[in-house]
Amino acid sequence: MWNRRGWCRFCASALIGSGLSVARAQVTPAPTVRTVAARLVVAVDNKTAFCYLPLTIAERLGYFKSEGLDVQIREFADPGQSVQAVIAGNAHMYSGSYSSTISLQARGQSFQSFVLQGRAPQIVLGVSQNTMRHYRQLRDLRGKKIGIMGHGSGSHRVARLLLTRVKLSDQEVQYISLPTAEMAIEAFHLRQIDAICYTDPVITALEQGGALRVVADTRTVRGNAEVFGGPMPAGSLIASTEFIGSYPRLSQSMADAMVHALKWLQTAGPSDIIKAVPESYFQDDRALYLAAFSRAREAWAPDGVMPDKGPDTAARVVAQFDNTDTLKRLQLERTFTNEFALKAKAKYRA
């Protein structure tokens, strides 16, 4: 039903600076921004993922064109390659995790988020109603098998973050890598795992079948704050500070188009989604896509603006996995700007 390049890959890998192994290998300053042609290139690791849906909406509804932009969205195999495309000058900006700006700046790469697409990473931890019928608290996962999208992925890190809070170490649970939706659902139904930390459509599919009990949910603003201890900004439109400084009008036009798309998503209904989203995104299951969309509606930012305490939350979480000296000295105000999103918000009354 879902293939590997379909929307089942989601954006869990785009959390907490993960997927940046390529960029970490190069800490030299980014090259001089090349002359911007008529076409702006936006790098993304999986265009069909829910976290990047605002990008698709802006493209499909003509919001880029109405701002005088010719935007090409170019897909790459993983978040690290998207980042590297911008560093190498092969793309002008990328759509990815806000947290990646923190990791990049800590390594000498000056990047900023200038439009927030997601205010929650849409990752859920749930337990099996079959193998963990008597579940009461997170410590009950001691000695259990937990399905994740992959070792080092965002889903893996969220699971570790939650279990660390109840003093469960990595050695006290067994993480099972399940990189595709098919593998995850099969393992869950065959009782090969006791819990799962994943994103949609897997979570919604398991919920609909009554096999899953959700215990931590970052698809909602409240659940996001409960997991991370505050607002945790997720998907963003990110560019080098050099590009933003050199092309403020283009940056503003991109922000305008994205905020327009974010506003549209706040009130879009099922019929609107069916008309706007390419048929291939549904992966032969419209009902499941729409159900997952409904559950994730809160996860998109309403106006593209970074919340006041969002960067602090993200930095605190990143530090738990990447406690470097440069990270401690990092000036968070340099990792984002609300200048463009605020103007776009006023323009579209988002």
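The structure we're discussing is the one just above.
Residues numbered from 1 in each chain as written. Predicted model: local features only at pLDDT ≥ 70, side-chain atom pairs only at ≥ 80, totals over all residues. Heavy atoms only, no water.

**Details of the side chain of D217**
Piece 1. Looking at where D217 falls in the secondary structure, it is placed in strand β9 (residues 212-217).
Piece 2. Judged by its relative accessible area of 17%, D217 is buried.
Piece 3. Contacts of D217, omitting those with residues within four sequence positions, involve I123, V124, G223, N224 and V227. (Helix = DSSP H or I, 4+ residues; strand = E, 2+ residues; numbered from the N terminus. Buried < 20%, exposed > 50% of the residue type's maximum accessible area, 1.4 Å probe, protein only. Contact = heavy atoms within 4.5 Å.)

**Let's talk about the packing of helix α11 (residues 248-267) against helix α16 (residues 339-348)**
Piece 1. The N-to-C vectors of α11 and α16 enclose an angle of 55°; their axes lie 8 Å apart at closest approach. By the angle between their directions, the pair α11 and α16 is classed as oblique. Between α11 and α16 lies a crossing whose hand is right-handed. For the pair formed by α11 and α16, the contact residues are P248, S251, Q252, A255, D256, V259, H260 and K263 on the first element and E339, F340, A341, K343, A344, K345, K347 and Y348 on the second.
Piece 2. Classifying every residue of the contact of α11 with α16 by side-chain character gives 7 nonpolar, 3 polar and 6 charged. (Axes fitted to C-alpha atoms, helices over the stretch in contact; angles between N-to-C directions. Parallel < 35°, antiparallel > 145°, perpendicular 65-115°, else oblique. Left-handed = near helix turned anticlockwise from the far one by under 90°. Nonpolar A, V, L, I, M, F, W, Y, C, P; charged D, E, K, R; others polar.)

**A few points about helix α2 (residues 53-60)**
Piece 1. Judged by how many residues are buried, α2 sits mostly within the fold: 6 of 8 residues are covered.
Piece 2. What α2 keeps buried is the set L53, P54, L55, T56, I57 and A58.
Piece 3. Note on α2: the residue one or two positions beyond its end, G62, has a positive phi of about 75°.

**Some thoughts on the packing of helix α6 (residues 154-165) against helix α9 (residues 221-228)**
Piece 1. Two numbers describe how α6 lies on α9: the axes approach to 10 Å, and their chain directions differ by 60°. Between α6 and α9, the crossing angle belongs to the class labelled oblique. Taken together, the residues of α9 that come into contact with α6 (itself represented by V158, L161, L162 and R165) are E226, V227 and F228.

**Some remarks on helix α5 (residues 99-106)**
Piece 1. Taking burial as the measure, the 8 residues of α5 include 8 buried ones, the bulk of the element.
Piece 2. Regarding α5, the residues found buried are S99, S100, T101, I102, S103, L104, Q105 and A106.
Piece 3. Directly beyond the C-terminal end of α5, a positive phi value near 90° is found at G108.

**Comments concerning unusual backbone geometry**
Leaving glycine out, the prevailing phi sign among residues is negative, and the prevailing peptide bond configuration is trans.
Piece 1. Backbone torsion omega between D200 and P201 reads 15°, so that peptide bond is classified as cis.
Piece 2. The residue P201 is located in the loop between β8 (195-198) and α8 (202-208) in this model.
Piece 3. Look at Q122: it is not a glycine, yet its phi comes out positive at around 65°.
Piece 4. Turning to its location among the elements, Q122 is positioned in the loop between β4 (111-116) and β5 (124-128).
Piece 5. Positive phi, close to 60°, is recorded for K167, a residue that is not glycine.
Piece 6. Along the chain, the position of K167 falls in the loop between α6 and β7 (174-177).
Piece 7. Classification of K167 as exposed rests on a relative accessible area of 70%.

**Side note on the sheet that holds strand β3 (residues 93-97)**
Piece 1. Read across the sheet, 5 strands follow the order β2-β1-β3-β10-β4 without closing on themselves; strand pairing throughout is mixed. If you trace the sheet from one side to the other, it starts and ends with β2 (70-75) and β4, each paired once. Adjacent strand axes in the sheet meet at a mean angle of 35° when their direction is disregarded.
Piece 2. Bridge count for β4 against strand β10 (residues 235-240) is 5 bridges, and the pairing is antiparallel. Counted as the bridge partner of Q112 is A239 from β10.
Piece 3. Most of the contacts of helix α4 (residues 79-87) go to β3, to which it runs at about 150°, and overall it touches β1 (39-44), β3 and β4.
Piece 4. Packed onto the sheet, α11 meets β1, β2, β3, β4 and β10 and runs at close to 40° relative to β4. (Pairing = 2+ DSSP bridges.)

**Side note on the nonpolar core**
Piece 1. In this structure, L53, I57, F64, F114, L237, M254 and I273 are the most contacted members of the largest nonpolar core, which totals 44 residues.
Piece 2. Looking at this core, the element that brings in the most residues is α11, giving 8 residues.
Piece 3. Dropping the residues within four chain positions of it, L53 is found in contact with L265, V277, Y289, F293 and W300.
Piece 4. Grouped together as the second largest cluster of nonpolar side chains are 37 residues, I123, A159, L168 and A195 included. (Core = buried A, V, L, I, M, F, W, Y, C linked by side-chain atoms within 4.5 Å.)

**Here we look at the sheet that holds β5**
Piece 1. A sheet is described by the order of its strands in space; here 5 strands give the open sequence β7-β6-β8-β5-β9, paired in mixed fashion. The sheet terminates laterally at β7 and β9, the two strands that pair on one side only. Across the sheet, the mean angle separating the axes of adjacent strands is 25° when strand polarity is ignored.
Piece 2. The sheet contacts of helix α7 (residues 181-189) involve β5, β7, β8 and β9, and relative to β8 the element is tilted by about 160°.

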